[in-house]
Amino acid sequence: MKEIAAFCDAHREKFLLNAKEELFDEYVQAILAAQ
Amino acid sequence: MRNLSESSAMAATKIFLAEFWPSFIGVMVAMFVVWLVKRSRSDARLPFLGAGAFPELAAATKEQQRLWLHHASVLAFRQGRSFVPLLVIALFFAGGFATARVLSATGMIPDSVWTRAAVAAVVAGFGAWLAGKITVRYVRPILRKCMAPDRPPTMEELVGCWSVAFALDERYVVKHFLGKSQAEARRMFAKGGIPITEDFTYMAPAGLRYYLPPAFDYLRAEQSIDDWEFCHGLLCSLYCQATSKCPLPLDVIS
């Protein structure tokens, strides 16, 4: 999961996602912080 | 003055090479023997390979960890690359030994066996650390391949219950995924969109373990360019999983 989140975060332009998108940022941060 | 420093450099190089080659050849022979012995044992395992370096193994039992590391090692031993960490050890060990000899010959460190041994041990220790890192990096993809189940999950494994009669969301997961191989799922992702990504919210760990790799494969492919629906939808589902009260196994989280 973390690998996928990090990849999507690093390739936002590929998926037409803005560099700053609150909801998406929240998803990424929560997944990367999961233990 | 210049001639003097050049001649000192030449002398140092000569000492270095004279010390380096015999140690390097000796350690290489020893490492090759270790490699052959480890390879031929019934419980073959690569040198420098421990379960602690792989967070994906944390949730497994000791016996399961041993088996997976053994299977990954058997596959890794077939490739010449498995010898690279031992080559690194030999290089650093011989390099450390020769450097210590040069430093003591040029008066930079006291000329005692213990000082030379300490310098050699520091350099060889760094080599061992580097060899361990190289081994883990090399084995990780092989290990993940070994850990991935080779059949689609059953209904219970997919959604965590044996009947979906009263669970609408799980019923969709079963309808879309039950019995599908990873290749079939990978094809489905290209035209699935949000309804498919939503299913990842309701999958049990075994379902995630089996279907996340093809989803990641799709995301990395050129085919997924501009597919914001899949990317956003999948991360939304994984967010739900990550913040759920039921903890996920570490290998799924990582």
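Structure first, text after, so check above.
Read on for a plain summary of the structure.

Cut-off values and rules
- Residues numbered from 1 in each chain as written.
- Chains lettered and ligands numbered in written order.
- Predicted model: local features only at pLDDT ≥ 70, side-chain atom pairs only at ≥ 80, totals over all residues.
- Heavy atoms only, no water.
- Helix = DSSP H or I, 4+ residues; strand = E, 2+ residues; numbered from the N terminus.
- Buried < 20%, exposed > 50% of the residue type's maximum accessible area, 1.4 Å probe, protein only.
- Areas by Shrake-Rupley, 256 points an atom, 1.4 Å probe, with all protein chains shown as cover.
- Salt bridge = Lys/Arg side-chain N within 4 Å of Asp/Glu carboxyl O.
- Core = buried A, V, L, I, M, F, W, Y, C linked by side-chain atoms within 4.5 Å.
- Contact = heavy atoms within 4.5 Å.
- Phe/Tyr/Trp six-rings, centres within 6.5 Å; stacked < 30°, edge-to-face > 60°.
- Buried area = accessible area lost by both parts, 1.4 Å probe.
- Polar contact = N/O pair within 3.5 Å; in protein donor to acceptor, adjacent residues only side chain to side chain.

A closer look at the overall build of chain A
Line of reasoning, step 1. Scanning chain A from N- to C-terminus turns up two helices and zero strands.
Line of reasoning, step 2. Counting every position in chain A, which comprises 35 residues, the buried fraction comes to 46%.
Line of reasoning, step 3. Counting every atom, chain A has about 2,000 Å² of accessible surface; 51% of that belongs to carbon and sulfur.

What about the pattern of salt bridges?
Residues and elements named next belong to chain B.
Line of reasoning, step 1. In this structure the tally under the stated criterion is eight salt bridges over all chains.
Line of reasoning, step 2. For Arg144, the salt bridge identified is with Glu56, shortest N-O distance 3.0 Å. Of this pair, Arg144 sits in helix α4 (residues 113-147) while Glu56 sits in the loop between α1 (2-40) and α2 (62-77); the two residues are 88 residues apart in sequence, bridging distant segments of the chain.
Line of reasoning, step 3. On the basis of relative accessibility, which here comes to 31%, the residue Arg144 falls in the partly exposed class.

Notes on the nonpolar core
Line of reasoning, step 1. Grouped together as the largest cluster of nonpolar side chains are 39 residues, with contacts concentrated most on Ile4 of chain A together with Phe177, Phe189, Phe200, Leu219 and Leu234 of chain B.
Line of reasoning, step 2. A per-element tally of this core places helix α9 (residues 205-220) of chain B first, with eight residues.
Line of reasoning, step 3. Setting aside chain neighbours within four positions, we find Leu234 of chain B in contact with Ile4 of chain A together with Thr197, Phe200, Leu212, Ala215, Leu219 and Glu229 of chain B.
Line of reasoning, step 4. Formed by 30 residues, the second largest nonpolar core is a distinct cluster that contains Trp68, Phe77, Ile89 and Leu143 of chain B.

Notes on the packing of aromatic side chains
Line of reasoning, step 1. Under the definition given, this model contains 19 aromatic pairs over all chains.
Line of reasoning, step 2. When the ring of Tyr27 of chain A is compared with that of Tyr239 of chain B, the centres are 5.2 Å apart and the planes differ by 45°; the resulting orientation is tilted. With one member in each of two chains, Tyr27 of chain A in helix α2 (residues 22-33) and Tyr239 of chain B in helix α10 (residues 228-242) form a pair that bridges those chains.
Line of reasoning, step 3. Among the residues examined, Tyr27 of chain A registers a relative accessible area of 7% and is labelled buried.
Line of reasoning, step 4. Here Tyr239 of chain B falls in the partly exposed class, since its relative accessible area comes to 21%.
Line of reasoning, step 5. A ring pair is formed by Trp21 of chain B and Phe24 of chain B, whose centres lie 5.8 Å apart and whose planes are at 85°; its orientation type is edge-to-face. With Trp21 of chain B and Phe24 of chain B both in helix α1 and three residues apart, the pair spans about one turn of that helix.
Line of reasoning, step 6. On the basis of relative accessible area, Trp21 of chain B is assigned to the partly exposed category, the value being 44%.
Line of reasoning, step 7. The exposure class assigned to Phe24 of chain B is buried, which follows from its relative accessible area of 13%.

Topic: the interface of chain B and chain A
Line of reasoning, step 1. Counting residues at the interface gives 27 residues for chain B and 21 residues for chain A.
Line of reasoning, step 2. For the pair chain B and chain A, the two sides together bury roughly 2,200 Å², of which 76% comes from carbon and sulfur.
Line of reasoning, step 3. Of all residues in chain B, His232, Leu235 and Ile253 of chain B give up the largest surface area on contact with chain A, accounting jointly for 28% of the area buried on that side.
Line of reasoning, step 4. The tally of links between chain B and chain A comes to one salt bridge.
Line of reasoning, step 5. Across the pair Glu3 of chain A and Arg144 of chain B runs a salt bridge, and its minimum N-O distance is 2.7 Å.
Line of reasoning, step 6. The interface formed by chain B and chain A contains eleven residue pairs in polar contact (both at pLDDT 80 or more).
Line of reasoning, step 7. Residue assignment for the side of chain B that touches chain A shows that the elements contributing at least two residues are α9, α10 and α11 (250-253) of chain B.
Line of reasoning, step 8. Of the residues forming the side of chain B that touches chain A, the biggest block, ten residues, is contributed by α10 of chain B.

Overview of helix α6 (residues 168-177) of chain B
Residues and elements named next belong to chain B.
Line of reasoning, step 1. Taken together, the buried positions of α6 are occupied by Glu170, Val173, Val174, His176 and Phe177.
Line of reasoning, step 2. The inward-facing, buried residues of α6 contact α5 (155-159), α7 (182-192), α8 (194-198) and α9.
Line of reasoning, step 3. Gly179 sits one or two positions beyond α6 and adopts a positive phi of about 85°.

Observations regarding the side chain of His176 of chain B
All names here are of chain B.
Line of reasoning, step 1. Structurally, His176 is set in helix α6.
Line of reasoning, step 2. The exposure class of His176 is buried, given its relative accessible area of 18%.
Line of reasoning, step 3. Side chain to side chain, His176 and Asp199 meet in a polar contact 2.5 Å long.
Line of reasoning, step 4. The residues touching His176, leaving out its near neighbours within four places in the chain, are Met188, Pro195, Ile196 and Asp199.

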